[in-house]
Every structure is written in structure tokens, then in C-alpha cells.
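The residues making up each chain are set out below.
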Amino acid sequence: MTNLPLDGLFRAFAANEFREGRLDRRTFLAVASGAIAAPLLVGPGAARAAGKAFVVATFGGGNLAVALKAHVATPFSAAESVTWEEDPSGPLSGRIRSMVEAGQPIWDVCDSTSFTARALGKLGMLEPIDYAIVDKSLVRPDCVLEHGVSYSWFSLVSAYDKAAFPTAPASWADVFDVERFPGKRAFWRYGYCWEAALLADGVAPEDLYPLDVDRAVKKFRSIRDHSIFVEDVPSSLRSGEIQIGVDFTTGFGKVVRAEPERFGINWAGGVRGSATFVVPKGNLAGAALSMRFINFALNKEVQAAICDAASVGPSNPDATALLSAEAAPWDPRNPAWAESQIPVDEVYTAENEEYLIGEFLDRVAG
Amino acid sequence: MAASPMARADRHYLLMAVAPVLFLAVFFLWPLGEILRLSFTDPQPGLGNYERLLTSSSLQRVVWTTAWVSVVTTAVSLVLSYVIAYALAGLAGLRFEVMLALLLLPLWSSVVVQAFGWLLILRSDGLVNFLLLDLGVISSPLTLVRNELGTLIGMVAFMLPVGATVLLPNLRGIDPQLTLAAKSLGATPWQAFRDVFLPESIPGIVGTGAVLFILAAGFFGIPAILGGGKVMMIAEYVSVQVLQMARWGTAAMLTTILVAAFLLILISLSRVIDLRRVLVGA
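As the structure is a computational prediction, the values presented were derived from the model and not from experiment. (Residues numbered from 1 in each chain as written. Chains lettered and ligands numbered in written order. Predicted model: local features only at pLDDT ≥ 70, side-chain atom pairs only at ≥ 80, totals over all residues. Heavy atoms only, no water.)

### Structural notes on the overall build of chain A
On a plain count of helices and strands, chain A comes out with 14 helices and ten strands. The buried share of chain A, taken over its 366 residues, is 57%. Long-range contacts, defined here as pairs at least 24 residues apart, represent 73% of the contacts in chain A between residues at least 6 apart. On chain A, roughly 14,000 Å² of surface is accessible, and the fraction owed to carbon and sulfur atoms is 55%. (Helix = DSSP H or I, 4+ residues; strand = E, 2+ residues; numbered from the N terminus. Buried < 20%, exposed > 50% of the residue type's maximum accessible area, 1.4 Å probe, protein only. Contact = heavy atoms within 4.5 Å. Areas by Shrake-Rupley, 256 points an atom, 1.4 Å probe, with all protein chains shown as cover.)

This is how it looks when you write it as C-alpha cells:
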């Protein structure tokens, strides 16, 4: 974008700070991919060429990030004799896009969603999955995308504080019923829970998409005084600030499994979605290594370990039999509630993701 | 002809100023220029980003929320910090130093830590509600946080030491003889304050107000945490635009607007009062 001499100076400075460990990667990337100097990714590229590390981008600290580190990245890099590092700054689709547009994506595998795989894939921002390396017969057909592979499953559900209610909330309608279930609710700051409001308002699962945003806004606003919109719903539940939280099961897993006598999960009408690996176009370690990483994660033992650590369901059906007694209740395909789970419309969400975030921030929370 | 000693001294000062000026040019002015450029070029060249300010109701609301929260925060913290600074200005010696240290103590903790502290104190099962319920003042917990009220409480609390610190040198610079003279001429303490001390402190009030407003309008952490997602100010909106949506243009436009507003405030202020007097003290 710019060729000012200062650009180079700044780039070199920032890259050096980053290499020396004085600038954390998160800040560096914010600077690097950001408004300050858009195309300044030469620095980490050079650092990477020297270190030859394979970079896995995660939502650091999250349950999936912890599972990916322990059960995929670590054994995989040992098997491949490569070093790897985690970038925990969160590979949001906007950031993948800026990185690819800037020319040198430093992420080799991103923990993403099927929406991002579809939306960015369509824009040519992602490497196509090489199914000569990735064995698609390992996973269910709905895990196989042109630009991504779903490696685990979770549902949008509600979790509640058992002590707050004599009878447990058992539907989305109950979550939005503040008369029968008085207490505070929390939703994720950026939405991804539109379905909850519509199902609560009586929309039939088969009529859910395209989402009736106006109707959902009305439903959300009817309990707005009882709602907070936060980054970390499970923490709010654990701290006692709220009595019902709406989030993905993988978010609730740690909190609920730590205190099962205190919290319950309401699976009825859960909206099922997947965690999906994507590979930014032109990734520095080369697409082939990324493909082998993805294939490694689909192995049934690895899958069972991920599920146990992150409270998710497997993509590889053979892993189901290997799930521990503690992990099995977190599989959206558990027979106890598999029937009532509604698959998220990936195509619709992929096409409308930014619009939906904007509407949620603006009309539901704001 | 040899330069006068005065001019030589000036040159030394100039040389000393070169490093910070260069630093600011490279690490502040240049990136700021990049932001300005981006606001006119991303995603397409033109005034599109600025046009959205006129057409997008969400952008308008973010700007409005920022202005409203900043004005209220500034007004309340100005009054409270005046009281604190006035009390401090009358102290001397060890008592002054101890009080000043206590005033500055909160600045040692980060904004995020302060915000979470307020969350614990103000939420429905927090300290304040617990006490009020226990004393029978209220029958059900008040909603004190995760809304605009909570945001304002957190922001005012953060601003108090800042405001008092900026005001203090101004108030201490006012000659105490003036108030004494007024009293000797028969003024009550209140009259002496209202008619003599207060007018003398107006430049300090105006300048501190500007500093507080500029700080408040750029706030991120406190509204993001204590606002419960319901109080979206410009700084947070910019971060969402960049990180979630990759809309650099909109983010750059909002940043430019904010910086322009600050410059406007400072320029118009400098026409009314002597800024040096505000920032350095009388």
C-alpha cells in the first residue's frame, strides 16, 4: 500500500521488537495487519524462515485451544519433527482476510468455523483442502468442505444455575421467560445466538432460516433489562452474576464439569455447529504440512482426546465409542438429545455473518 | 558576528527537543497520517466512510453515546475533583504529601482491574446491594452495573485522581492573600470563595474539563466491561470494526473524527485561555 521509507523503518523496528520478545504477537499483529502500516508482515516472515515454526492460530485460553495444543499440535510436531508455536490471538475471519491481503499469512492452520471456511473460501482467501492428504472417509460427510474440515461439534445451548430455579428451564421459551424464571441472562457480545430468540418466539426449526432478524430483535429486547452482553458467558455464570447463560457447549464445558451439582445444561433445541480448520492462502509453512496437521487431528484416538479436553463431539464417528464417561455428555450427537439438535445453516450464516454481528451490536445490545 | 549567549542557550534547548520531536513524528504523527489516509482510501477512494456517518444510524448512536457519556463523566468528575483539589490545596507538609499519595494510589492499578473491582462491588449480589438490602433501604437489588450507570461510576472513579491532579497546581497557584483580603473586607467564607477564589480558578476548571473530556471520549475498557455490552463507545466500536469485521476504513474514519474533535477542543480553548497556564500551573 505504501512505500514510504519510514514504512520500512517502522516495519523493521516492529519486527525486531517482536523477534526479541519485547512485543507480544498479539500487539505485533494488531500493528502489522492494522491501520498503522498494513503490509508490514516481512518481519515475522523473516523470523519464521529462520525458526521454521508451524503456527497454529487459536482462540487462546479457550477449551478448544487447550485441546488442540495438547492433543494435536504437540504430538503432530513431534511426529513431523517440526517446531510449532501457538498464536492465541484469535483467527477471526476479518483478521485472516487482512493477513492474506497483506501478502504473507503467518498462520498455517486456523481454528475457525464452517462459516469462515465457506465465506473466505469463496473470496479465494483459503487453501483448498487437499483430500489426497486429508482422508475424508474418516469423518462425517457434513465435515467435508472445499476450504475447511470440521474437526469437532458443539451446540448453542443454555446453562443455568440450579439453585436459582425450583424447576429447571427446559426450552428456549423458558430462557426468555423472566416471569417463570426470574434472573439475569447473559449472551455473547457479538451474537451468534439469533436462533435462540426465534425458537423461543415459536418459530419452527424448519422455518428458522433465513433468520427473521426483526422478530429476534424484538424478542431479545423484551428481556433486555434482564440481559447482559459479555465476552465470556461461562465466567459470568460461574461468578453468580447471571442465572442463565446462552453460549456454545464447548464454552460451558469447563465450568459445568467443574461443578456439576451447581449447573445444568438445557440441550433442548440446541443449534449444532462445528469447529473447522482452515488454511490461509499462501501460508508460509506450505499447504501440504497444514493438510497433514488436519489429517492428524481426524484420527479417532486424537478426536476422542480433543472431545475429552474441550467438551465437544467428534467428527470421526469411530471416536464416539472411545469417548470417556465424562466427555460423552458433551456430544451434540449423544442419543439423549441428538434428535432435538438443529443444524445451523452454514451457507446463510457465512453470507450474513458481518451483517448479523452488526445488527446484534447495534439493535440487540446497543 | 558571534551569536549572543541567549541564542546559544536557545540552540541547546532546540537540540534537546529534536529527539522527542523525531520520536513523535515517527511513532505518532506518521501512523496518524496513515490512519487519515486509510479513512479516505479503504475500501474505495473517496468520502464513502464519512458519508456513512450521515447515513448509518448505528454510527450516529456510537458517536452520540460517546459524547453523552464523556460529557456526564467530565461534569461529575470535574465537580468532585474540584472539591478534592480544593481540600488538598489548603494542606501543607506531611499531611499534603500523604493525601496526595492516597489520591494517586488508584492510578497504580490498571483500568481493567478497577473495572472488575467495580463489577464485584456493584452487581446485584455485590457489596452495595448487600448492605442496602441488609439495612432494609431497598427490597430488591438495584441494577447498578452492566449498564450506563455502571459505566459512569467506573469512569468517574477513574477520572477523579486525574482531574484533581491537573487542577491542584492551578488552585495552589491562586494567591491565598486574595481570599484573606476579601474576608477582611467583610465577606463570608462562601462569598470569598464564590466571588474571589472561584473566578480565579476558571482557567484551571476549563483546562481540566478539556483534559477529562478528551480522556473520557477515548475510553475503552471501562465501558466495555461495566456497560454490559449496552454502552458502545467509539474506541470499542473501532476495535470491533478492525478485529471482527476488517473494516479498516470505518475504523480509521472514526479515529480521525475523534482526533479532529480533540484538536478542535484544544484550539478553541487556546483562544479563550492560556493553555500553558492550565497545563503547567499559574
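### Digging into the overall build of chain B
When helices and strands are tallied, chain B shows 14 helices and zero strands. The buried share of chain B, reckoned over its 282 residues, is 41%. Here the contacts in chain B between residues at least 6 apart in sequence split such that 71% fall between residues at least 24 apart. Of the accessible surface of chain B, which amounts to about 15,200 Å², a share of 73% is contributed by carbon and sulfur atoms. The centroid of the 16 positive side-chain charges in chain B is displaced by 2 Å from the centroid of its 13 negative side-chain charges. (Lys, Arg positive; Asp, Glu negative; His and termini not counted. Charge placed at Lys NZ, Arg CZ, Asp CG, Glu CD.)

### Points about the side chain of Thr256(B)
Residue and element names in this part refer to chain B. Inspection of the secondary structure assignment puts threonine 256 in helix 13 (residues 248-272). Within polar-contact distance, the side chain of threonine 256 engages the backbone oxygen of alanine 252 at 2.7 Å. The contacts of threonine 256, once residues within four sequence positions are left out, are Ile35, Leu36, Ser39 and Tyr50. (Polar contact = N/O pair within 3.5 Å; in protein donor to acceptor, adjacent residues only side chain to side chain.)

### Here's the deal with the environment of Glu127(A)
Residues and elements named next belong to chain A. Residue placement: glutamate 127 occurs in the loop between helix 6 (114-122) and strand 4 (149-161). For glutamate 127 and alanine 117, which are ten residues apart along the polypeptide, the C-alpha to C-alpha distance reads 9.8 Å. Residues in contact with glutamate 127, not counting those within four places in the same chain, are His147, Val279, Pro280, Lys281, Gly282, Asn283, Ala287 and Met291. Among the polar contacts made by the side chain of glutamate 127, one reaches the main-chain amide nitrogen of glycine 282 at a distance of 2.7 Å.

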